[in-house]
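A look at the structure
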Amino acid sequence: MRSGNRYAQKAAERMEQASIIISPDGSENFKFAFPPGSNTYTMMIGAQFVRDKGTRVLFTGHGGDEGVSHRCNVYELFYNHEYYHYWRNIWSLNPGRRRVIRTLKKGFKNITSSIRDNRETYLNWFASPELLKADFSKGFRKQKENTLKFAFDPVAYIRDDGSRNRLDNLALFGACSGVRYLIPYLDYRVIDYAVSIPRHLYMKHGVKRYIFRQAFKDIMPRSLYSVRIKEDTSVTNIKPDENWYEEYSRRKQEIIGALDRHF
């Protein structure tokens, strides 16, 4: 933490030299220097850290989720009218007795919950009631929100500037730290190729990134090939932490406790 603060201070000094005052009371530029939702603090410290290690160029994987290694949601198949492949995926995940009935129930539940959850970006299960008051959340449900298209419509997500937020941050912190960021996955030729691939090739039997797993199956570690979700590691000799949520909650409360509600 001490090291992180040191790098943050250096980045702040460079920003001020560029007339970007990051004091919340000192300049309107504060909200542009730290736009929300893009891991800005981590990126700022990371840029300063690699600069101090002598690095001048960084390749970043940003854009992979939108394109070449897209984390396809099974609802995406339905959304893109690939109904046969949608129901085939749901069918493969529901073996056993009364399979037809359970498949239909599961499918319709997935469709309705996906539509609802993608329109409630502030109210998902990771939301923090400690930060959002009940009356705010209740009022927010009555508003017509913009649908979060990241999970099922990467083309619309990119077109609506979903990737632009991260690129703006990289440009800012790269300039302040003297590090050049290269984002090969957001090259328009890579994106054009990725989104032209039929959506059902991104998911099979509930396994995401299916086509890319198969393409690199013979050259990647088996443990990495078998990773199901982004947050998992490819380490096979470590037992999963059954109490991960307790640690997550503890750290969340630690961070919330440090916040200044007036600010």
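Residues numbered from 1 in each chain as written. Predicted model: local features only at pLDDT ≥ 70, side-chain atom pairs only at ≥ 80, totals over all residues. Heavy atoms only, no water.

1. Remarks on the side chain of Asn 89
The condition that has to hold: A run of H or I in DSSP counts as a helix once it spans at least four residues, and a run of E counts as a strand once it spans at least two, with each numbered from the N terminus. Exposure classes here rest on a 1.4 Å probe applied to the protein chains alone. A residue is buried below 20% of its type maximum, exposed above 50%, and partly exposed in between. Residue contacts are counted whenever heavy atoms from the two residues lie within 4.5 Å of one another.
Along the polypeptide, Asn 89 turns up in helix α5 (residues 83-92). Residue classification places Asn 89 among the buried residues on the basis of a relative accessible area of 6%. Once residues lying within four places of it in the same chain are set aside, the contact partners of Asn 89 are Val 74, Leu 77, Met 203, Lys 204, His 205 and Gly 206.

2. Points about the environment of Phe 212
Relative to the helices and strands, Phe 212 resides in helix α11 (residues 210-215). The class for Phe 212 is buried, based on a relative accessible area of 17%. Measuring from C-alpha to C-alpha, the distance between Phe 212 and Val 68 comes to 8.0 Å, with 144 residues separating the pair along the chain.

3. Describing a nonpolar patch on the surface
Cut-off, in case you're wondering: A patch consists of residues exposed above 30% relative accessible area that lack any salt bridge, with like charges linked at up to 9 Å and nonpolar side chains (Val, Leu, Ile, Met, Phe, Trp, Tyr) linked at up to 5 Å. Exposure was quantified through the Shrake-Rupley algorithm and a 1.4 Å probe, taking into account, for residues, occlusion by the shown protein chains and nothing else. The salt bridge criterion pairs a side-chain nitrogen of Lys or Arg with a carboxyl oxygen of Asp or Glu, the two atoms within 4 Å.
On the surface, Trp 91, Val 100, Leu 104 and Phe 108 cluster together into a nonpolar patch covering about 390 Å² of accessible area. Element by element, the count of residues in the nonpolar patch is highest for helix α6 (residues 99-117), at 3 residues. Along the chain, Trp 91 falls in helix α5.

4. What to know about the packing of α5 against α6
Under the convention used in this document: Axes, fitted as lines to C-alpha atoms, cover a helix only where it is in contact. Angles between the N-to-C directions of the axes lie from 0 to 180 degrees. Any angle between 65 and 115 degrees counts as roughly perpendicular, while under 35 counts as roughly parallel, over 145 as roughly antiparallel, and the rest as oblique. Crossing handedness follows the turn of the near helix against the far one: under a right angle anticlockwise gives a left-handed crossing, and clockwise gives a right-handed one.
Interhelical geometry of α5 versus α6 gives an angle of 120° and a closest axis separation of 9 Å. By the angle between their directions, the pair α5 and α6 is classed as oblique. Here α5 runs over α6; the crossing is right-handed. Only Arg 99, Val 100, Thr 103, Leu 104, Lys 106, Gly 107, Phe 108, Asn 110 and Ile 111 of α6 make contact with α5, whose side of the interface consists of Tyr 86, Trp 87, Ile 90, Trp 91 and Ser 92.

5. Overview of the side chain of His 62
Here His 62 shows up in the loop between β1 (57-59) and α4 (74-79). Here His 62 falls in the buried class, since its relative accessible area comes to 12%. Excluding anything up to four places from it in sequence, His 62 contacts Ser 163, Arg 166, Leu 167, Ile 183, Tyr 185 and Leu 186.

6. Remarks on the packing of aromatic side chains
What counts, and what does not: Planes of paired rings set the category: under 30 degrees apart is stacked, over 60 is edge-to-face and the rest tilted, where pairs are Phe, Tyr or Trp rings (Trp by its six-membered ring) whose centres lie within 6.5 Å.
Throughout the structure, instances matching the rule amount to 9 aromatic pairs. When the centroid spacing of 5.3 Å and the interplanar angle of 75° are considered together, the rings of Tyr 75 and Phe 152 count as edge-to-face. Here the residue Tyr 75 occupies a position in helix α4, and Phe 152 occupies one in the loop between α7 (134-141) and α8 (154-159), the gap between them amounting to 77 residues. As far as the burial class goes, Tyr 75 and Phe 152 line up, both buried. Taken together, the ring pairs in this structure connect Tyr 75, Phe 78, Tyr 79, Tyr 83, Tyr 86, Trp 87, Phe 108 and Phe 152 into an aromatic cluster.

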